[in-house]
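Here is how the chains run, residue by residue.
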Amino acid sequence: MINLFHTYIAPTAGEDIQKVLNTGFLSEGETVLQFERALEQQFGFNQCVSVNSGTSALHLALDLAGVQEGDEVILPAQTFVASGLAILYLKAIPVFADIDYFTGNISPASVKEKISSKTKAILPVHWGGYPCDMTELLALAEHHGLKLIEDAAHALGASYKQDPIGSISDFTCFSFQAIKHLSTGDGGAICCKSPNDYKTAKSKRWFGIDREKAPLTELGERAYNISHAGYKYHMNNYAAALGLSNLNGFELRLKKRIQIANQYRSALHQQDGIRLFNYFTDRQSAYWLFGFHVEKRKDFIRKLKSAGIAASVVHQRIDRNSVFGGLTKNLSGQEAFDETQIHIPIHDALSMENAEHIINTIKQGW
Ligand SMILES: *Cc1c(COP(=O)(O)O)cnc(C)c1O
């Protein structure tokens, strides 16, 4: 079976993690700092703080943005539930905006309609790694005094008008969960535009204690006075060691993904029964997914399955979960997207031969 996802683990990972285990220092320390500096350098991020999951990153970013009980946060329903749950953790209200049928990304025009006096932040999701319309979203955020928090769980290595995702808005959140581009087992990161947010993020990820300013006293406890309730969200050293190992060769692996995506695009753009997603060349997708619209979706899935190929909708609109209070009405782009979207395998272990087999199978029809 050609699976939809693959967990990449660098050949040196075992050895690199063993070295950390040998030190006996497993919690947050030097290796975590090294990993953060490496991320900033390799991806051109704003100052970044690593955490123990992408969900923690979203929760902490929303907290740093000042989102409180009763505030509204605008997001797309085309995402994983974590994006919406992080808003609920703060007793804030997720407000679902429509998406562009041709990309799966949040529609700035719909965001504009959803802005109210209670809106505090916009949380776009770069669906499949293809960057949202950041110019329009930044303008809306600025005009209405809102914070912009990107859920970039799919978008490590993507860029928008030459700027890396992770360098653009107030907060950009990444996930290093097992099947994302870069894995630390579980983990995540928040890139912060403001140095002040960066400082607060560093303390809030560890109970609200700033490690660097809390030395051990003679009595044997660190000296601190917690002024805000922080979380237990830091990354640990052996996760960071895995992250550092997996950073090696990342650029090459991403290039290969893009190559496969381009091969899919050129082979399938005139295929009967398929409508590829739009792709504007002012941005570069990180291609965590390769998706498109398809006719007779179930037949398509069955056909691929019979040829040993996985195909999936990955996620359908999250507001179908009762925790979010029922389906949002009048999201026509989202409704249409849900009806026809499908995704085929693209990952680090997918060979060009695999990709050709997938293309040939689709070309046979379904
Ligand atoms: C994976 C993912 C998350 C959550 O990341 P975790 O590291 O699993 O907590 C959030 N949003 C999206 C869109 C994701 O795909």
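Remember, predicted model here, so these are calculated numbers, not experimental data.

### Here we look at the nonpolar core
Logical step 1: Membership of the largest hydrophobic core comes to 65 residues, with the highest contact counts inside it found for Leu39, Phe292, Phe300 and Ile344.
Logical step 2: Here this core gets eight residues from one element, more than from any other, and that element is helix H9 (residues 250-268).
Logical step 3: Residue assignment places this core across two domains, with domain 1 (13-247) and domain 2 (250-363) each supplying three or more.
Logical step 4: With sequence-adjacent residues up to four places away left out, Phe292 is seen in contact with Leu268, Ile274, Arg275, Leu276, Phe277, Phe300, Thr340, Gln341, Ile342, Ile344 and Ile362.

### Quick word on the domain arrangement of the protein
Logical step 1: Partitioning the protein into domains gives domain 1 (13-247) and domain 2 (250-363).
Logical step 2: Relative placement of domain 1 and domain 2: their C-alpha centres are 25 Å apart.
Logical step 3: Taken together, the contact between domain 1 and domain 2 spans 44 residues of the former and 41 residues of the latter.
Logical step 4: Contact between domain 1 and domain 2 buries roughly 3400 Å² in total, counting both sides, with carbon and sulfur atoms accounting for 61%.
Logical step 5: Among the residues of domain 1 in contact with domain 2, Tyr101, Tyr130 and His181 are the three that bury the most area, contributing 22% of the side total.
Logical step 6: The interface formed by domain 1 and domain 2 holds one salt bridge in total.
Logical step 7: Here Asp133 makes a salt bridge to Arg283, at a shortest N to O gap of 2.7 Å.
Logical step 8: Counting every contact that joins domain 1 to domain 2 gives 25 residue pairs in polar contact (both at pLDDT 80 or more).
Logical step 9: Mapped onto the side of domain 1 that touches domain 2, the elements with two or more residues apiece are helix H2 (30-43), helix H4 (81-89), strand S3 (93-97), strand S6 (159-160) and helix H8 (237-247).

### Digging into the side chain of Lys202
Logical step 1: Structurally, the position occupied by Lys202 is in helix H7 (residues 195-204).
Logical step 2: With sequence-adjacent residues up to four places away left out, Lys202 is seen in contact with Leu33, Val49, Ile209 and Glu212.

### Remarks on the layout of surface pockets
Logical step 1: Size it by volume and the largest pocket reaches roughly 360 Å³.
Logical step 2: Elements that contribute at least two residues to the lining of the largest pocket include exactly helix H3 (54-64), H4 and strand S8 (171-175).
Logical step 3: Tallied by class, residues from the lining of the largest pocket come to 12 nonpolar, 11 polar and three charged.
Logical step 4: When we break the lining of the largest pocket down by domain, the ones giving at least three residues each are domain 1 (13-247) and domain 2 (250-363).

### Remarks on the sheet that holds strand S10 (residues 274-276)
Each strand in a sheet pairs with its neighbour through backbone hydrogen bonds, running either in the same direction (parallel) or in the opposite one (antiparallel).
Logical step 1: One open sheet accounts for three strands, arranged S10-S12-S13; its pairing is antiparallel. On the outer flanks of this sheet lie S10 and strand S13 (341-344), each paired with one strand and no other. Adjacent strand axes in the sheet meet at a mean angle of 40°, parallel and antiparallel pairs treated alike.
Logical step 2: In terms of strand pairing, strand S12 (residues 290-294) meets S13 through four bridges, oriented antiparallel. Bridge assignment links Phe292 to a residue of S13, and that residue is Ile342.
Logical step 3: Here H9 sits on the sheet and contacts S10, S12 and S13; the angle it forms with S12, its principal contact strand, is near 20°.

### Concerning the environment of Ile344
Logical step 1: On the secondary structure map, Ile344 appears in strand S13.
Logical step 2: Judged by its relative accessible area of 2%, Ile344 falls in the buried class.
Logical step 3: Not counting residues up to four positions away in its chain, the partners in contact with Ile344 are Leu4, Tyr264, Leu268, Phe290, Phe292, Phe300, Leu304, Ala310, Ile358 and Ile362.

### Side note on the pairing of strand S5 (residues 147-151)
Logical step 1: Burial analysis of S5 places four of its five residues in the buried class, which makes it a mostly covered element.
Logical step 2: Note: strand S4 (residues 119-122) against S5, two bridges, orientation parallel. When the bridges of S5 are listed, Ala121 appears paired with Lys147.
Logical step 3: Handedness of the crossover is the feature at issue here: the chain leaves S4, passes through helix H6 (residues 134-144), returns alongside S5, and the resulting connection is right-handed.
Logical step 4: Pairing of S5 with S8, which is carried by three bridges, proceeds in the parallel orientation. Residue pairing across strands places Ile149 opposite Phe171, the latter belonging to S8.

What counts and what doesn't
- Residues numbered from 1 in each chain as written.
- Predicted model: local features only at pLDDT ≥ 70, side-chain atom pairs only at ≥ 80, totals over all residues.
- Heavy atoms only, no water.
- Core = buried A, V, L, I, M, F, W, Y, C linked by side-chain atoms within 4.5 Å.
- Buried < 20%, exposed > 50% of the residue type's maximum accessible area, 1.4 Å probe, protein only.
- Helix = DSSP H or I, 4+ residues; strand = E, 2+ residues; numbered from the N terminus.
- Domains from an automatic or database assignment.
- Contact = heavy atoms within 4.5 Å.
- Buried area = accessible area lost by both parts, 1.4 Å probe.
- Salt bridge = Lys/Arg side-chain N within 4 Å of Asp/Glu carboxyl O.
- Polar contact = N/O pair within 3.5 Å; in protein donor to acceptor, adjacent residues only side chain to side chain.
- 1 Å grid on protein atoms, 1.4 Å probe; cavity = no way out; pocket = protein on both sides within 12 Å on 5 of 7 lines; lining within 4 Å.
- Points joined across faces, edges and corners; volume = space filled by probe spheres on them.
- Nonpolar A, V, L, I, M, F, W, Y, C, P; charged D, E, K, R; others polar.
- Pairing = 2+ DSSP bridges.
- Axes fitted to C-alpha atoms, helices over the stretch in contact; angles between N-to-C directions.
- Right-handed = clockwise from strand over helix to strand, strands pointing away.

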